[in-house]
Each structure stands twice: as C-alpha cells, then as structure tokens.
Amino acid sequence: MREILGRRRRLLSQSSDGKPEPIGAALTYATQWRWPVLPGVAADPRAHSRCSCPDPDCTVPGAHPFDPGLLAATTDGRMVRWWWGNRPTAPIVLATGGHAPCAVSLPALPAARALKALDQMGMRLGPVVASPARWAILVKPYSMEQLGELLYAKDFVPGSLRFHGEGGYLALPPSETGQGEIRWERAPLPGSASPWVPDVEAVVDAVVEALTRTGVSAPEF
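Residues numbered from 1 in each chain as written. Predicted model: local features only at pLDDT ≥ 70, side-chain atom pairs only at ≥ 80, totals over all residues. Heavy atoms only, no water.

Naming follows an unreviewed UniProt entry, where the protein chain appears as Bifunctional DNA primase/polymerase of Streptomyces indiaensis.

Enquirer: Help me understand the packing of helix H1 (residues 22-32) against helix H2 (residues 77-86) in this model?
Expert: Two measures define how a pair of helices packs: the angle their axes make with one another and the distance between the axes. Between H1 and H2, the shortest axis-to-axis distance is 10 Å and the interhelical angle comes to 160°. Our classification of the angle between H1 and H2 gives roughly antiparallel. H2 is crossed by H1, and the crossing has right-handed handedness. Along the contact surface, H1 presents Pro 22, Ile 23, Ala 26, Leu 27, Ala 30 and Thr 31, while H2 presents Gly 77, Val 80, Arg 81 and Trp 84. (Axes fitted to C-alpha atoms, helices over the stretch in contact; angles between N-to-C directions. Helix = DSSP H or I, 4+ residues; strand = E, 2+ residues; numbered from the N terminus. Parallel < 35°, antiparallel > 145°, perpendicular 65-115°, else oblique. Left-handed = near helix turned anticlockwise from the far one by under 90°. Contact = heavy atoms within 4.5 Å.)

Enquirer: How do you make sense of the packing of aromatic side chains when you look at a structure like this?
Expert: Each pair of aromatic rings is reported with the distance of its centres and the angle of its planes. This model, assessed by the stated rule, comprises four aromatic pairs. On the numbers, 5.8 Å between centres and 15° between planes, the contact of Tyr 29 with Trp 35 is stacked. Comparing Tyr 29 with Trp 35, the two get one shared label, buried. Seen from their ring centres, Trp 83 and Trp 84 are 6.4 Å apart, and the 80° between their planes marks the pair as edge-to-face. When its relative accessible area of 2% is taken as the criterion, Trp 84 is described as buried. Of the aromatic side chains, those joined through ring pairs into one cluster are Tyr 29, Trp 33 and Trp 35. Against the face of Trp 196 rests Arg 124, its NZ or CZ located 3.7 Å from the ring centre. (Phe/Tyr/Trp six-rings, centres within 6.5 Å; stacked < 30°, edge-to-face > 60°. Buried < 20%, exposed > 50% of the residue type's maximum accessible area, 1.4 Å probe, protein only. Lys NZ or Arg CZ within 6 Å of the ring centre and 35° of its normal.)

Below, the structure is given as structure tokens:
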C-alpha cells in the first residue's frame, strides 16, 4: 500500500508575494531532518535558462554546487542561516548519500507514467522531487557496490535512469533553477521526523518493470 498524502506540508516560510522562501525549507532539511544542504549556483540573471557558473555548456543550470563546493554541505543551522541570509534566493542543494537520502531520477513524462503504474502495483513511495525535465524518487542511502550489483543482475536498465548516490547532489524545493521550478510531486508527510524513503532495490525493480510493462520508452537524456 502506497503512502497516502494529506495536505502538502508547510515546510516553507512565505515571502511578501506569497512564494515560499528557501531559507525555511533549508532549515527544515538541515536541522530537523539532518539532511546536509548547501546553496547552489544561481541561474544567469541575463539569460535564466543558462547557469552563472563558468561552464557555458552547463547541463544543470542553477541546480548544482559551485561556491561553496559540495563538501561544504552541512546540517548546521547557523551556517544555513548565514548562507541564505546572504543569498536568499539561492537554490537548495542536497548532498546525497551518507546519512541523507539518495535518489533515482528519470525524464518527467516516463516518470509520471511510471509513478501511475507503481501506484497500481501497490508500491509504497516516499517523497518525489520534480523539475520540468526530470523527476527524482528519494531512496535510502546506498553504496556504489550495492548499486553495481543491482544493475549487473538486470537484463535491461533504461539508459535515461540516473542515480544520485554518495558524492552526488540533488536540488530540492522550492528552488528556482535555469530549468525551472523544483517542486514536490509527492510531498513529505507532516511530522518533524525525517521522511520515510524506500530501498533503492525496490524502486529500481519497480520502475524498470513499470516502464517495460506499460511500453514506455524512456528517452536517453
């Protein structure tokens, strides 16, 4: 039986225009859920679809660490307040792995169809993060060895699946990036404890089966 969601959790403080402010969410992630976060590089203000980092061909504009680097991710509320006090609109980047969740992501359209199929299968899912291009299913931390064994045992794994594990990162809501808004497709349930997430084996098995069974061909991007 899948997790039934109530009203979307009010994780975020509100700005004067009614939009959520990242600092409220960043503090929830860091201090309540103990997820290490850091501010991401912003999108280029002159061309929002581009990144303000030095790479002109950046594939995740505004949705990755730059300065500070990924190793600076922390659960220290004082540091979080300082970062977003100085950069209030900075995207929130989760350092995946360790004690924090990892993620499995796939393109948005196949992801929507896969989630519908998983619901019909009775698969229980935790939070799902969505951007206009890709959706990411949060899972329990896993090692590269564990992931390698899981993928090796499969006859077929869509090349469009991406794995955000130890040493990886993922932009979290309510970030604004060069690719658009980061939001919850499946919001965490209310409560102060860190949200429940499934094992990576269960998610990969179910997603591959769902894509195969529904005839969805996830494009390679």
